[in-house]
Amino acid sequence: MTFDGARFIRACGLSELEEDTPKRVELDGTPVSVVHTEGEVFAINDICSHANVSLSEGEVEDCQIECWLHGSAFDLRTGKPSGLPATRPVPVYPVKIEGDDVLVSLSQES
């Protein structure tokens with residue numbers, strides 16, 4: 001499915017997402033964490049830029065996802081880390097909602 005030239009892939013159902021609970025999915029071999037928080041749905045690369053661990057195992061608060069291993073938090077809107085030890089952002093991806101389908105494009109927003 002394409003929108004504005006971007007290819008969107010069904011990641012999961014909106015009804016499958018629990019508020020503030022990340023859901024790990026794999027899209028074309030890319031691990032993605034899908035998060036429903038603050039009335040929006042976000043998709044962020046699931047691998048911490050500091051350590052090779054899954055962000056979807058961390059906690060979500062204030063539109064940030066925290067890496068469970070060392071505590072770095074990443075903004076779900078931009079992928080930028082809010083503190084050490086991570087210094088590099090992680091990719092975030094465009095999301096579209098169609099009915100109950102959460103669609104993600106692996107083209108990066110940032």
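The rules behind the values
Residues numbered from 1 in each chain as written. Predicted model: local features only at pLDDT ≥ 70, side-chain atom pairs only at ≥ 80, totals over all residues. Heavy atoms only, no water. Helix = DSSP H or I, 4+ residues; strand = E, 2+ residues; numbered from the N terminus. Rg over C-alpha atoms; globule rule 2.2 N^0.38 Å. Buried < 20%, exposed > 50% of the residue type's maximum accessible area, 1.4 Å probe, protein only. Contact = heavy atoms within 4.5 Å. Areas by Shrake-Rupley, 256 points an atom, 1.4 Å probe, with all protein chains shown as cover. Lys, Arg positive; Asp, Glu negative; His and termini not counted. Charge placed at Lys NZ, Arg CZ, Asp CG, Glu CD. Core = buried A, V, L, I, M, F, W, Y, C linked by side-chain atoms within 4.5 Å. UniProt positions renumbered as here; feature names shortened; annotations may be inferred. Pairing = 2+ DSSP bridges. Salt bridge = Lys/Arg side-chain N within 4 Å of Asp/Glu carboxyl O.

Turning our eyes to something else, we now look at the overall build of the protein. Each helix and strand counted, the protein has 0 helices and 11 strands in total. Reading the secondary structure of the protein in the N-to-C direction produces β-β-β-β-β-β-β-β-β-β-β. Expected size for 110 residues packed as a compact globule is a radius of gyration near 13 Å; at 13 Å, the protein falls within 12% of this value. Once the C-alpha set of the protein is aligned to its principal axes, its extents read approximately 40 × 25 × 20 Å. Counting only residues that meet the buried cut, the protein has 45% of its 110 residues in that class. Within the protein, residue pairs in contact and separated by at least 24 positions form 40% of the contacts whose partners lie at least 6 positions apart. Of the accessible surface of the protein, which amounts to about 5700 Å², a share of 44% is contributed by carbon and sulfur atoms. Looking at the protein, you have 8 positive and 20 negative side-chain charges, and the mean spots of the two groups are 7 Å apart.

Let's shift gears to the nonpolar core. Core analysis: the biggest nonpolar cluster contains 16 residues, and Ile44, Cys48, Leu55, Ile65, Phe74 and Leu76 have the highest contact counts within it. Counting residues in hydrophobic clusters, the runner-up holds 13 residues, among them Cys12, Leu17, Val32 and Val41.

Per the UniProt record, "domain: Rieske" (unreviewed entry) is found at residues 9–104. Segment residues 9–104 splits into 0% helix and 44% strand. End C-alpha atoms: 5 Å apart.

Another aspect to go through is the pairing of strand β2 (residues 6–13). Buried residues dominate β2, accounting for 6 of its 8 residues. As paired elements, β2 and strand β11 (residues 101–105) share 5 bridges and run antiparallel to each other. Across the sheet, residue Cys12 finds its bridge partner in β11, namely Val102.

Overall, the coordinates contain 6 salt bridges when judged by the stated rule. Across the pair Arg10 and Glu16 runs a salt bridge whose closest N-O atoms are separated by 3.7 Å. Arg10 gets classed as partly exposed once you look at its relative accessible area, which sits at 44%. Of the residues examined, Glu16 reaches a relative accessible area of 41% and is grouped as partly exposed. Of the charged contacts, one joins Asp101 and Arg10 as a salt bridge, the two residues approaching to 2.7 Å between their closest N and O atoms.

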